[in-house]
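# Secondary and tertiary structure notes
The primary structure of each chain is shown beneath.
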Amino acid sequence: RVNNRDRKRCGELLRRLQVEVANEEDRGRVATALDEMSKLDDYIMLWEVAGPFSQAGVDADGLFEVEFGPEPRDRKKRIRWQFLDTRERGGRAWEADLAKGLGDSTTCVGYLKTRIWVRDEMAVRLEMGSDDAVKAWLNGELVHANNVARPVRAGDDQADVLLRKGWNELLLKVVQRGGNWGACARFRTLDNCSVPGLRAEVGRCTQEFGQ
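Right, let's walk through the structure included here.

Now for the pairing of strand β7 (residues 141-146). Note: strand β6 (residues 134-138) against β7, five bridges, orientation antiparallel. Note on β7: the bridge partner recorded for A136 is H144. Linking β6 to β7, which pair antiparallel, is a turn of two residues; within it N139 sits at a positive phi near 55°.

Applying the stated criterion across every chain yields a total of 12 salt bridges. Salt-bridge contacts for D61 lead to R177; the nearest nitrogen and oxygen are separated by 2.7 Å. Of this pair, D61 sits in helix α3 (residues 60-65) while R177 sits in the loop between β9 (166-176) and β10 (182-188), placing them 116 residues apart in sequence. D160 is the partner of R125 in a salt bridge, and the nearest nitrogen-oxygen pair spans 2.8 Å.

Per the stated rule, a full pass over the model turns up three aromatic pairs. Aromatic pair F53 and Y111: ring centres 5.6 Å apart, planes at 80°, arrangement edge-to-face. Within this pair, whereas F53 is found in strand β1 (residues 46-53), its partner Y111 is found in strand β4 (residues 108-118), the two being separated by 58 residues in sequence. Taking the relative accessible area as the measure of exposure, F53 reaches 18% and is therefore buried. Among the residues examined, Y111 registers a relative accessible area of 0% and is labelled buried. One cation-aromatic arrangement involves K135 over F64; the distance from NZ or CZ to the ring centre is 4.7 Å.

This part is about the sheet that holds β10. Here four strands make up an open sheet; going across it, the order is β3-β10-β5-β8 and the pairing antiparallel. At either margin of the open sheet sits one strand with a lone partner, and together these are β3 (96-97) and β8 (157-163). Judged from the seven bridges that link them, strand β5 (residues 122-131) and β10 form a sheet pairing that is antiparallel. Counted as the bridge partner of D131 is G182 from β10.

For the rest of this paragraph, the subject is the side chain of E71. In this fold, E71 is placed in the loop between α3 and β2 (82-85). Classification of E71 as buried rests on a relative accessible area of 4%. There is a polar contact of 2.6 Å between the side chain of E71 and the side chain of Y111. In this view, E71 contacts V66, Y111, W137, L171 and K173; residues no more than four positions away in its chain are not counted.

The rules behind these values
Residues numbered from 1 in each chain as written. Predicted model: local features only at pLDDT ≥ 70, side-chain atom pairs only at ≥ 80, totals over all residues. Heavy atoms only, no water. Pairing = 2+ DSSP bridges. Helix = DSSP H or I, 4+ residues; strand = E, 2+ residues; numbered from the N terminus. Salt bridge = Lys/Arg side-chain N within 4 Å of Asp/Glu carboxyl O. Phe/Tyr/Trp six-rings, centres within 6.5 Å; stacked < 30°, edge-to-face > 60°. Buried < 20%, exposed > 50% of the residue type's maximum accessible area, 1.4 Å probe, protein only. Lys NZ or Arg CZ within 6 Å of the ring centre and 35° of its normal. Polar contact = N/O pair within 3.5 Å; in protein donor to acceptor, adjacent residues only side chain to side chain. Contact = heavy atoms within 4.5 Å.

In structure tokens, the structure reads:
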């Protein structure tokens, strides 16, 4: 299995090869491999998850609108959060599998949250994928909503947001209609590079980006 550290080593090796390889065709192959790897760079792999939440007689479309306990306007309720670390999930470490974290349920809602630290305030792009519908809050503000049925694909949804200096909280709501259930998210600069000095933290675990 390829974990996040292994991916970094692979990237460094490919970049060295790109300089050292003499054959133009081989350099093209290396460039393609680097481009494919970059599509999955910087995805958050440390989360807390809560759920599943449901409401009798309410279908998946209705659940998308129901405000359950983890949502910012309903924070008075006490919620049980569980730690989910996807870093050792092999080739799909970029995806948070909610079925693994919360159980195999249908017509329900799960939540993911994490803390994000950045050195300076900056405008960035939040990229997400989800199975199925998704809402996203940054520091309590709703920044994205897409009521859709689909599999998880990296970067399906994007929202330009402002990360404040220091700590930020990202919260995702993911509706489960049936079948697979999960999400992915990352922050990138507006010109699609790693955010300098950014890190995610849950409890005592830290994931660093843009180093």
